[in-house]
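Geometric and topological summary
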Amino acid sequence: EGRKGVWVHLPLEQAGSYISSLQKLNFEFHHCRRTHCVMNMWLDETTPSRLPNFANHQIGVGGMVINEHNEVLAIREKQGATA
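To keep things clear, this report deals only with the structure shown in the data block. (Residues numbered from 1 in each chain as written. Predicted model: local features only at pLDDT ≥ 70, side-chain atom pairs only at ≥ 80, totals over all residues. Heavy atoms only, no water.)

1. With respect to the environment of G5
- Counting through the fold element by element, G5 comes out in strand β1 (residues 5-11).
- For the pair G5 and L22, spaced 17 residues apart in the sequence, the C-alpha separation amounts to 14 Å.
- Beyond its immediate sequence surroundings of up to four residues, G5 is in contact with M41, W42, L43 and L51. (Helix = DSSP H or I, 4+ residues; strand = E, 2+ residues; numbered from the N terminus. Contact = heavy atoms within 4.5 Å.)

The following block contains the structure:
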């Protein structure tokens, strides 16, 4: 049907029941979070997998300013992974 990859999203409370079976079918872990695990499998044996890797780092934003009175203003993200 033209499909080259398969993704399986498993709620964490059910993941243990399926992981072993999926690994036997050549599924690989993509990532796990507190609430779920994701596994995938590339189906097209004639080409390398084009499924994206999961992020392996986080980037945050912050700043610091010191004025002429040696007062410090520090700024950081209010929301997001690095907040």
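2. A few points about the pattern of salt bridges
- Counting across every chain of the model gives 1 salt bridge.
- As a salt-bridge pair, K4 and D44 come within 3.0 Å of each other at their nearest N and O atoms. Residue K4 is found in the segment before β1, and its partner D44 is found in the loop between β3 (36-42) and β4 (62-66); the two are separated by 40 residues along the sequence. (Salt bridge = Lys/Arg side-chain N within 4 Å of Asp/Glu carboxyl O.)

3. Overview of the sheet that holds strand β2 (residues 28-32)
- Taken together, the 3 strands give an open sheet; going across it, the order is β1-β3-β2, and neighbouring strands pair in antiparallel fashion. Both outer strands of the open sheet, β1 and β2, are each paired with one neighbouring strand and no more. In this sheet, adjacent strand axes meet at a mean angle of 25° when their direction is disregarded.
- Pairing geometry for β2 and β3, over 4 bridges, is antiparallel. Across the sheet, the residue bridging to C32 is C37, located in β3. (Pairing = 2+ DSSP bridges. Axes fitted to C-alpha atoms, helices over the stretch in contact; angles between N-to-C directions.)

4. A word on the side chain of D44
- The class of D44 is buried, set by a relative accessible area of 16%.
- Within the local environment of D44, its side chain forms a polar contact with the side chain of K4, the two groups lying 3.0 Å apart. (Buried < 20%, exposed > 50% of the residue type's maximum accessible area, 1.4 Å probe, protein only. Polar contact = N/O pair within 3.5 Å; in protein donor to acceptor, adjacent residues only side chain to side chain.)

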